[in-house]
Structure formats: C-alpha cells, structure tokens
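A structural walkthrough
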Amino acid sequence: DEESMLVKRNTENLEAFNEYTQGRYFWRKRTAESIQKSIEHFKHAIELDSTYALAYSGLADAWAVLPGYSNVAMAEVELKQAEAANTAVRLDDNLAEAHTSMAWAYWISLRDVENAEIEFKRAMELNPCYPWAHIWYGNMIDAWWHDREGKKREIEKALECDPLSVVALNNLASMNS
C-alpha cells in the first residue's frame, strides 16, 4: 500500500495538475484576492479533469477560508464547501486532503463535531504529516472542548511536517500571547 501511494498519480492531466498547484499557491497567500484566484484555478483543474479529487479538496478548502479573509458570509459558501469536500472523498477515499476538507465541512458547515473528528482522524491516519489536518483539528478541539494543550500538540505536529507554515506559526504565537 505504501509503495502504491508513492507512485500514485492523482491526475494524468499535466495542465490540471498545474492549475491545482497554482490554486494551492494562491490559497496559502491568504488574502481575499488570492483566495478568489485559487478558486478559479481549482475550478479550471476540475474542468480539465472532473475526477481530480485533489482539485475538489482544494476548492473546498478555498470556500472554507474565504469568509475569514473577505466580506463573503459563511452562509454563502457552506453548501459549496460541503459539496466539493464530499465529491473529493467520493472520488478518492484514501486521500488525506479530502478527509480534512470533509472534516472542516462537518465541523463548520454542518456543525457535526462527532463526524468531523472521525474525518480528521482518518486524514491523519492516511497521512500523519498533512499539516492542515493537524491545524484544523487543533482549532476544533480548542473551540469545541477548550483543549488548549491538545491544540498546541496538533499545531506542533503541523510544524514538524511544515516548519514554514505561516498559519501554524501564527496559531502557535497567538496561543503564547
């Protein structure tokens, strides 16, 4: 299984892959304009390959964070985010990114913390070093159960995987202030 995961291609379409990669680049910049650009890139990747689960996951993640960086209300994007996450999981049930997107949809859009936790744990089982699973899970357990130490552990795990993650570093800094 590990060997097949190493050689697995999520799309055979190089242009779709490039659109996805650009989408993630703009998504990480965290401005209203850059997140809108990421949505355009993810949608274009999906147009090029309608079975590209990573592109659906990226689109779900972009919808998830857009309200925090713009004047778009969460109510405007909840359904879009949940649909994109659900499609990602349906297309590839072994993709940590898809389960992380689905976890966010359960937590924020559907207000179902029990299933959100199941999805976060599935994501971390599939890829223990996917930083967003740890960051968002840490935020959820702090917000829901007021588990600051648990959040700190998850953020530190995210930083082990991605030491330059601005979001993880900001989370950790805000906990220490």
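Residues numbered from 1 in each chain as written. Predicted model: local features only at pLDDT ≥ 70, side-chain atom pairs only at ≥ 80, totals over all residues. Heavy atoms only, no water.

A look at the state of the cysteines
Put simply, the test is: Any two cysteine sulfur atoms lying within 2.5 Å of each other are counted as a disulfide. Helix numbers and strand numbers start at the N terminus; a helix is a DSSP run of H or I with at least 4 residues, a strand a run of E with at least 2.
Under the definition given, this model contains 1 disulfide. Between the sulfur atoms of Cys129 and its disulfide partner Cys161 the distance amounts to 2.2 Å. The sign of the S-S torsion, about -120 degrees, decides the handedness of the disulfide formed by Cys129 and Cys161: left-handed. Taken together, the residues span a long stretch of sequence, with Cys129 in the loop between α7 (113–126) and α8 (131–145) and Cys161 in helix α9 (residues 148–161) at a distance of 32 residues.

Structural notes on the pattern of salt bridges
Heads up, the rule is: Salt bridges are defined as contacts in which a side-chain nitrogen from Lys or Arg sits within 4 Å of a carboxyl oxygen from Asp or Glu. For each residue, the accessible area found with a 1.4 Å probe, counting protein chains only, is set against the maximum for its type, and the residue is called buried under 20%, exposed over 50%, and partly exposed in between.
The tally for this structure, following the rule as stated, stands at 7 salt bridges. We note a salt bridge from Arg24 to Asp61, for which the minimum N-O separation is 3.0 Å. Of this pair, Arg24 sits in helix α2 (residues 14–29) while Asp61 is found in helix α4 (residues 53–69), placing the two residues 37 residues apart along the sequence. The class for Asp61 is buried, based on a relative accessible area of 0%. With a closest N to O distance of 2.8 Å, Glu78 and Arg111 form a salt bridge. Of this pair, Glu78 sits in helix α5 (residues 74–91) while Arg111 sits in the loop between α6 (96–109) and α7; the two residues are 33 residues apart in sequence, bridging distant segments of the chain. Glu78 gets classed as buried once you look at its relative accessible area, which sits at 16%. The structure contains a network of salt bridges with shared partners spanning Asp142, Arg148 and Lys151.

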